[in-house]
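Given next are the chains, with one letter for each unit.
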Amino acid sequence: QVQLVESGGGLVQAGGSLRLSCAASGRTFSPYAMGWFRQAPGKEREFVAAIIWGGYSTYYSEFVKGRFTISKNNARNTLYLQMNSLKPEDTAAYYCAAGGKRNGLTQRDFNYWGLGTQVTVSS
């Protein structure tokens, strides 16, 4: 079984930056992809970014493209999300996920999930 633990969330002012980390543990960890999703209270969980674990292709939502950067360290089984120019609308619980498949990077395509880390951006 794979366990994912996010860290790095916190309170930051608009325009600031945060870097989230997601550490994966398990005897074998070789997902097709890893990604970040977020969910604000009262709203549905939405896709943020994803990266192919065995490659380097990245994907971003239109809301964060140009501001967020997803990266990974395969040797450390760690996923990162560098968030710059944060906006109040970025406020949400951020979740990392592992799984996915070719042409399948939606929520239903990821089978392992972390418990989330809160990001709050004040105006």
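Preceding this section is the structure that the text describes.
This structure is a prediction, so every number in the text was calculated from the model and none was measured. (Residues numbered from 1 in each chain as written. Predicted model: local features only at pLDDT ≥ 70, side-chain atom pairs only at ≥ 80, totals over all residues. Heavy atoms only, no water.)

### Brief notes about the sheet that holds strand 7 (residues 68–73)
As a general point, the strands of a sheet are linked pairwise by backbone hydrogen bonds and lie either parallel or antiparallel.
Point 1. With antiparallel pairing, four strands are arranged side by side in an open sheet as 1-3-8-7. Two strands bound the open sheet, and with one partner strand each, they are strand 1 (3–7) and strand 7. Averaged over all pairs of adjacent strands, the angle between strand axes in this sheet comes to 15 degrees, irrespective of strand direction.
Point 2. As judged from the five bridges shared by strand 1 and strand 3 (residues 18–25), these two strands associate in the antiparallel manner. Considered in strand 3, the bridge of Ser7 is made with Ser21. (Pairing = 2+ DSSP bridges. Helix = DSSP H or I, 4+ residues; strand = E, 2+ residues; numbered from the N terminus. Axes fitted to C-alpha atoms, helices over the stretch in contact; angles between N-to-C directions.)

### With respect to unusual backbone geometry
Point 1. Positive phi is not limited to glycine here, since Asn77 has a value of about 50 degrees.
Point 2. Along the chain, Asn77 falls in the loop between strand 7 and strand 8 (78–83).

### Points about the side chain of Arg67
Point 1. Here Arg67 lies in the loop between strand 6 (58–60) and strand 7.
Point 2. In this structure the side chain of Arg67 is engaged in a polar contact, spanning 2.7 Å, whose partner is the side chain of Asp90. (Polar contact = N/O pair within 3.5 Å; in protein donor to acceptor, adjacent residues only side chain to side chain.)

### Quick look at the nonpolar core
Point 1. Grouped together as the largest cluster of nonpolar side chains are 28 residues, with contacts concentrated most on Leu4, Trp36, Leu81, Met83 and Tyr94.
Point 2. Excluding its chain neighbours within four sequence positions, the residues that come into contact with Leu4 are Cys22, Ala23, Ala24, Phe29, Met34, Cys96, Ala97, Ala98, Tyr112, Trp113, Gly114 and Leu115.
Point 3. Judged by nonpolar contacts, the second largest core, of seven residues, contains Phe37, Ala50, Ala97 and Leu105. (Core = buried A, V, L, I, M, F, W, Y, C linked by side-chain atoms within 4.5 Å. Buried < 20%, exposed > 50% of the residue type's maximum accessible area, 1.4 Å probe, protein only. Contact = heavy atoms within 4.5 Å.)

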